[in-house]
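The primary structure of each chain is shown beneath.
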Amino acid sequence: MVYFIGDKEFDGVKNIKLNEIKFYDFEIDLKDFDCLIISSKNALKSLMQSKSKIDFNIKVFAVGIKSANLAKEYGFKDVSYPSKSYGKELASEFLSEFKNKKCLYLRAKKISSGLNEYLLKEGIYLKELIAYENIALKPKEKIILRHPAVFVFSAPSSVEQFLKFYQLNKEDKAVVIGESTALKLNKFKNLYICKEQDLNSCIKLAKNLDF
């Protein structure tokens, strides 16, 4: 059995919903900045439903290809993303482009990438705006898990919330979307970090690992 800790549905996968996204209400003028840094698709979604003045000509730096593609779908014309989908990779790979620029960083309330700390340490002008929050939920009814199983985690917060109500058995396997999420399970032996920071790739890997 494959379990995904989240609400996005996949064929042959059981969902365990332990969080929901809350978009914040804010208003900002993108013309006041030279570039926009987005941490996820949720940051973009929050921006697009806010009362902000959108400048589709602003240079956009997305943490991954999925966020970059969504930015293009919304109409942003100049979009870049790093070779690896991590916040620090984005910060270091495009550091020279951030120099002498006014950067707006749309982010979650709780972050673990260290992107902001890295850029501020490098003297980059960075305005941080919390665009959304990942809110933890208690399960409406506790699912009786079938072990051994493969569990898919897409964020550090999903690991934290899962371990409040459930536990991994030693014969289980865990698939995580990236290194930050993996750190939350660093003592678990059967841990697999997906080579591509993409949820569909995680699910594919989990199905291949299924018992």
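Everything numeric here is computed off the predicted structure, so don't read it as measured data. (Residues numbered from 1 in each chain as written. Predicted model: local features only at pLDDT ≥ 70, side-chain atom pairs only at ≥ 80, totals over all residues. Heavy atoms only, no water.)

Q: So what about the overall build of the chain? Which residues, and what values?
A: Each helix and strand in the chain was counted, giving eight helices and 11 strands. For the C-alpha atoms alone, the extent of the chain along its principal axes is close to 55 × 30 × 25 Å. When burial is assessed residue by residue, the chain has 46% of its 211 residues classed as buried. Relative to all contacts within the chain whose residues are 6 or more apart in sequence, the contacts with residues 24 or more apart total 57%. Put simply, the chain shows about 11600 Å² of open surface, and 47% of that area lies on carbon and sulfur atoms. (Helix = DSSP H or I, 4+ residues; strand = E, 2+ residues; numbered from the N terminus. Buried < 20%, exposed > 50% of the residue type's maximum accessible area, 1.4 Å probe, protein only. Contact = heavy atoms within 4.5 Å. Areas by Shrake-Rupley, 256 points an atom, 1.4 Å probe, with all protein chains shown as cover.)

Q: Describe the side chain of Arg107, listing the residues and the values that go with them.
A: Its place among the elements puts Arg107 in strand β7 (residues 102-108). Of note is the side chain of Arg107, whose polar atom sits 2.7 Å from the side chain of Glu128. Among all residues touching Arg107, those that are not within four sequence positions of it are Ser39, Asn116, Glu128, Leu129, Ile130, Ala131 and Tyr132. (Polar contact = N/O pair within 3.5 Å; in protein donor to acceptor, adjacent residues only side chain to side chain.)

Q: How would you sum up the packing of aromatic side chains? Please name residues and give values.
A: Where two aromatic rings form a pair, the distance of their centres and the angle of their planes describe that pair. What the rule picks out here adds up to eight aromatic pairs. Ring plane angle 85° and centroid distance 5.8 Å describe the contact between Phe4 and Phe10, whose orientation is recorded as edge-to-face. Phe10 shares its class with Phe4; the two are buried. Aromatic side chains Phe162 and Tyr166 sit 5.3 Å apart centroid to centroid with 25° between the ring planes, which places their arrangement in the stacked category. On the basis of relative accessible area, Tyr166 is assigned to the buried category, the value being 7%. Here the aromatic residues Tyr3, Phe151, Phe153, Phe162 and Tyr166 are joined through ring pairs into a cluster of three or more. Over the aromatic face of Phe61 sits the side chain of Lys59, whose NZ or CZ is 5.1 Å from the ring centroid. (Phe/Tyr/Trp six-rings, centres within 6.5 Å; stacked < 30°, edge-to-face > 60°. Lys NZ or Arg CZ within 6 Å of the ring centre and 35° of its normal.)

Q: Hey, could you go over the nonpolar core for me, with residue numbers and the actual values?
A: Core analysis: the largest hydrophobic core is formed by 23 residues, its most contacted members being Leu36, Ile38, Val60, Phe76, Leu104 and Leu106. At the level of secondary structure, the elements contributing two or more residues to this core comprise β4 (35-38), α1 (41-48), β5 (59-62), α2 (65-74), β7 and β8 (125-136). Apart from residues no more than four positions distant in its own chain, Phe76 is found in contact with Leu30, Leu44, Leu47, Met48, Ile54, Asp55, Phe56, Ile58, Val60 and Ala71. Among the nonpolar cores identified, the runner-up in size contains 17 residues, and Tyr3, Phe151, Val159 and Ala174 belong to it. (Core = buried A, V, L, I, M, F, W, Y, C linked by side-chain atoms within 4.5 Å.)

Q: Pulling in residues and values, what's your account of the pairing of strand β9 (residues 150-153)?
A: Residues Val150 and Val152 of β9 are buried on one face, and the alternating residues Phe151 and Phe153, pointing to the opposite face, are buried as well. Where strand β1 (residues 2-4) and β9 come together, three bridges link them in parallel fashion. Directly across from Val2, in β9, lies its bridge partner Val150. Sheet analysis places β9 next to strand β10 (residues 173-176), joined by four bridges and oriented parallel. Each bridged residue has a counterpart across the sheet, and for Val152 the counterpart in β10 is Val175. Taken together, β9, helix α6 (residues 156-165) and β10 form a β-α-β motif whose crossover is right-handed. (Pairing = 2+ DSSP bridges. Right-handed = clockwise from strand over helix to strand, strands pointing away.)

Q: Tell me what's going on with α6, and back it up with residues and numbers.
A: For α6, the set of buried residues is Pro156, Ser158, Val159, Gln161 and Phe162. Of the surrounding secondary structure, the elements contacted by the buried residues of α6 are β8, β9 and α7 (179-183).

Q: So what about the environment of Ile16? Which residues, and what values?
A: Within the secondary structure, Ile16 is located in the loop between β2 (13-15) and β3 (19-23). Distance in space between the C-alpha atoms of Ile16 and Leu115 is 29 Å, their sequence separation being 99 residues.

Q: If you had to explain the confidence of the model for the chain to someone new, which residues and values would you point to?
A: Low-pLDDT stretches of the model should not have their predicted coordinates read in fine detail. Mean pLDDT over the chain works out to 93, with 100% of the residues at or above the 70 mark. For the chain, per-element mean pLDDT is lowest for helix α3 (residues 87-93), which scores 86, and highest for β9, which scores 98. (pLDDT = per-residue confidence, 0-100.)

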